[in-house]
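Residues per chain, in single letters:
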Amino acid sequence: MSKNIVVVGGGAPGKFGNDFVIKAKSEGHNVIVISHRDYGYNDENFMWVNFEGLYYTEYKVVMDKILQKFDKIDILFFNQNGTFYPAHVADIFNPVRIQTYLTGLNLHIVVPHKIIISLCNC
């Protein structure tokens, strides 16, 4: 039975997330990808959002498109793989880079939270 799958971070060719998307599609599943970058795929189920800006209107358009395509979501897979500051021993001994820290919070906490809230209509 095919599943409705949303993958956040499955756009980069040759990486695990994209391999997962290709495999799931080949097995007949309905897959939508939300990426932080437009990789130029000619695929209506590939969407991208500027995760650093997250302007509400841009973000809402993408979430509304997903909700129009799927009446339910069986799997929501977060595949972001960026590091989170402070990530290195040297970071401990240098002044705090607050903007880098806030960017990490946005990518790894705020974005997933907003996506979950948007897609579950909470």
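Remember, it's a predicted structure, so these values are computed and weren't measured experimentally.

1. Some remarks on the confidence of the model for the protein
Close inspection of predicted coordinates is inappropriate for parts of the model with low pLDDT. Confidence in the prediction for the protein averages 86 pLDDT; 94% of positions are at 70 or higher. Within the protein, no element has a lower average pLDDT than helix H2 (residues 56–69), which sits at 81, and none a higher one than helix H1 (residues 16–26), at 95.

2. A short note on H1
Within H1, the full set of buried residues consists of Gly17, Asn18, Val21 and Ala24. The arc that holds the buried residues of H1, viewed along the axis, is 125 degrees, so those residues lie on one side. Seen from the open side of H1, the exposed residues pointing more than 90 degrees away from its buried face are Phe16, Ile22 and Ser26. Residues of H1 that are buried sit in contact with strand S1 (4–8) and strand S2 (30–35).

3. Quick look at the pattern of salt bridges
Pairing between side chains of opposite charge can happen when their charged atoms approach one another. Evaluated as defined, the whole model comprises five salt bridges. One salt bridge connects Asp43 with Lys25, and the closest N-O pair in it is separated by 2.7 Å. In this pair, Asp43 sits in the loop between S2 and strand S3 (46–48) while Lys25 sits in helix H1, placing the two residues 18 residues apart along the sequence. Relative accessible area serves as the criterion here: at 27%, Asp43 is assigned to the partly exposed category. Note that Asp74 is salt-bridged to Lys72, the shortest N-O span being 3.0 Å. Residue Asp74 is classed as partly exposed on the basis of its relative accessible area of 31%.

4. What about the sheet that holds S1?
Backbone-to-backbone hydrogen bonds join strands into a sheet, with any given pair of strands oriented parallel or antiparallel. If you walk across this open sheet you meet the four strands as S3-S2-S1-S4, and the pairing is parallel. One side of each edge strand has no neighbouring strand; the edge strands of this open sheet are S3 and strand S4 (75–78). Strand after strand, the sheet turns through a mean of 15 degrees between neighbouring axes, direction not considered. Note that S2 and S3 share three bridges and pair parallel. Within S3, the residue paired with Ser35 across the bridge is Trp48. Set on the sheet, helix H4 (residues 98–120) makes contact with S1 and S4; between it and S4 the angle comes to about 165 degrees.

What counts and how
Residues numbered from 1 in each chain as written. Predicted model: local features only at pLDDT ≥ 70, side-chain atom pairs only at ≥ 80, totals over all residues. Heavy atoms only, no water. pLDDT = per-residue confidence, 0-100. Helix = DSSP H or I, 4+ residues; strand = E, 2+ residues; numbered from the N terminus. Buried < 20%, exposed > 50% of the residue type's maximum accessible area, 1.4 Å probe, protein only. Arc of directions from axis to C-beta. Contact = heavy atoms within 4.5 Å. Salt bridge = Lys/Arg side-chain N within 4 Å of Asp/Glu carboxyl O. Pairing = 2+ DSSP bridges. Axes fitted to C-alpha atoms, helices over the stretch in contact; angles between N-to-C directions.

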